[in-house]
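Examination of the molecular architecture
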Amino acid sequence: MATKSKSKPNRELSSLTKGYLISYNIAQVFGWSYLLYLIFRYYTISSKEVPLWDVVKPIVVIFQNAAVLEILHAATNIVPSNVVITVFQVFSRVMLVCGVLLPTPTGPLSPGLPLALLAWSCAEIIRYLYYALNLLGAVPYFLIWCRYTFFIALYPIGVTGELLCFYAAQAYVANKKMWSLEMPNKLNFTFSYHYFLLFLMFLYIPLFPQMYLHMFAQRRKIISGSSSKKVK
């Protein structure tokens, strides 16, 4: 979940760019809200005749892959997000969706799937609504508080779910040698997708604490700043 450093836009955007960003964020709010509704319905009134992944797959694929645009937003500086953090956050999720959940039968069966989807949905609804209202200069304090408080629980839940899905898929990938290339071959090159997934899992060890602590630093700055303004 890419972060912004201020609760108000820090520079003027063209009308076209601003309109695009508002539309993008509102579309994401509706998409993730619908996903949250599907999850709620699945676990409350659904007969569960089909797996959760089969119910939510189209929505997850569309709106999670749409987040790739955020890398472009950060790289072109039309939003003040950290490019490196944005790349890792978006890439890790897209890899989970396109590299684990879609091609393997074991990844979607992991108990981590509902954890990841629930955390993603709640966090993204708040985040994109915050961004949309921020562009309009009308972010209520309650939404600011939610944006910089709910992550405390949602980040660890989401990461736990993601890692469980990766773990559930890696044995299948190893057994089937999926998307791997062994020697000898014409390219004289070897690649193990299984080890690549394990490498991605281990990347969470150094990178997740940095992102988590970054959000706490943002929380201290944003919440304290907002509270000081309210007192004044």
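As shown above, the structure is provided for reference.
This text gives an overview of the structure that appears in the document. (Residues numbered from 1 in each chain as written. Predicted model: local features only at pLDDT ≥ 70, side-chain atom pairs only at ≥ 80, totals over all residues. Heavy atoms only, no water.)

**Here we look at the pattern of salt bridges**
- Inspection of every chain in the model, using the stated rule, returns 4 salt bridges.
- Across the salt bridge formed by Arg127 and Glu70, the nearest N and O atoms sit 3.0 Å from each other. Highlighted residues: Arg127 in helix H5 (residues 112–135) and Glu70 in helix H3 (residues 68–75), separated in sequence by 57 residues. Of the two residues, Arg127 and Glu70, both sit in the buried class.
- The partner of Lys177 in a salt bridge is Glu182, with the nearest N and O atoms 3.3 Å apart.
- Owing to a relative accessible area of 46%, Glu182 belongs among the partly exposed residues under this scheme. (Salt bridge = Lys/Arg side-chain N within 4 Å of Asp/Glu carboxyl O. Helix = DSSP H or I, 4+ residues; strand = E, 2+ residues; numbered from the N terminus. Buried < 20%, exposed > 50% of the residue type's maximum accessible area, 1.4 Å probe, protein only.)

**With respect to the packing of aromatic side chains**
- Summed over all chains, the structure comprises 20 aromatic pairs.
- Relative to Phe196, the ring of Phe191 has its centre 6.0 Å away and its plane inclined at 50°; by these criteria the two rings are tilted.
- Linked through ring pairs, Tyr20, Tyr24, Tyr128, Tyr130, Tyr131 and Tyr148 together constitute an aromatic cluster.
- A cation over an aromatic ring shows up here: Lys48 above the ring of Tyr42, its NZ or CZ 5.7 Å from the ring centre.
- When the ring centre of Tyr128 is taken as origin, the NZ or CZ atom of Arg127, which lies over that ring, is 4.4 Å away. (Phe/Tyr/Trp six-rings, centres within 6.5 Å; stacked < 30°, edge-to-face > 60°. Lys NZ or Arg CZ within 6 Å of the ring centre and 35° of its normal.)

**Quick look at the packing of helix H1 (residues 15–44) against helix H2 (residues 52–65)**
- Remark: H1 packs on H2, axes separated minimally by 10 Å, with the N-to-C direction vectors making an angle of 170°. In terms of orientation, H1 and H2 fall into the roughly antiparallel class. Counted together, Ala27, Gln28, Gly31, Trp32, Tyr34, Leu35, Leu38, Tyr42 and Tyr43 of H1 and Leu52, Val55, Val56, Ile59, Val60, Phe63 and Gln64 of H2 form the full contact between these two elements.
- Its residues assigned to classes, the contact of H1 with H2 comprises 13 nonpolar, 3 polar and no charged. (Axes fitted to C-alpha atoms, helices over the stretch in contact; angles between N-to-C directions. Parallel < 35°, antiparallel > 145°, perpendicular 65-115°, else oblique. Contact = heavy atoms within 4.5 Å. Nonpolar A, V, L, I, M, F, W, Y, C, P; charged D, E, K, R; others polar.)

**A look at the packing of H2 against helix H4 (residues 83–101)**
- Direction vectors running N to C along H2 and H4 enclose 135°, while the axes themselves pass 10 Å from each other. Taken together, the axes of H2 and H4 are oblique relative to one another. Seen along the crossing, H2 lies across H4 with a hand that is left-handed. Touching Trp53, Val60, Val61, Gln64 and Asn65 of H2 are Arg93, Val94, Val97, Cys98 and Leu101, all from H4.
- Of the residues contributing to the contact of H2 with H4, the split by class is 7 nonpolar, 2 polar and 1 charged. (Left-handed = near helix turned anticlockwise from the far one by under 90°.)

**Quick notes on the environment of Thr44**
- Note on placement: Thr44 falls in helix H1.
- A distance of 2.6 Å separates the side chain of Thr44 from the backbone oxygen of Phe40, its partner in a polar contact. (Polar contact = N/O pair within 3.5 Å; in protein donor to acceptor, adjacent residues only side chain to side chain.)

**Observations regarding H5**
- In a regular helix each residue adds 1.5 Å, so 24 residues correspond to 34 Å; H5 covers 34 Å between its end C-alpha atoms and thus fits that length.
- For H5, the buried fraction is high: 18 of the 24 residues fall into the buried class.
- Phi turns positive one or two residues past the end of H5, at Gly137, with a value near 70°. (Expected span 1.5 Å × (residues − 1).)

**Quick word on a nonpolar patch on the surface**
- A cluster of nonpolar side chains, contributed by Tyr20, Leu69 and Leu72, occupies part of the molecular surface with about 270 Å² of accessible area.
- Within the secondary structure layout, Leu72 lies in helix H3. (Patch = residues over 30% accessible without salt bridge, like charges linked within 9 Å, V, L, I, M, F, W, Y side chains within 5 Å. Areas by Shrake-Rupley, 256 points an atom, 1.4 Å probe, with all protein chains shown as cover.)

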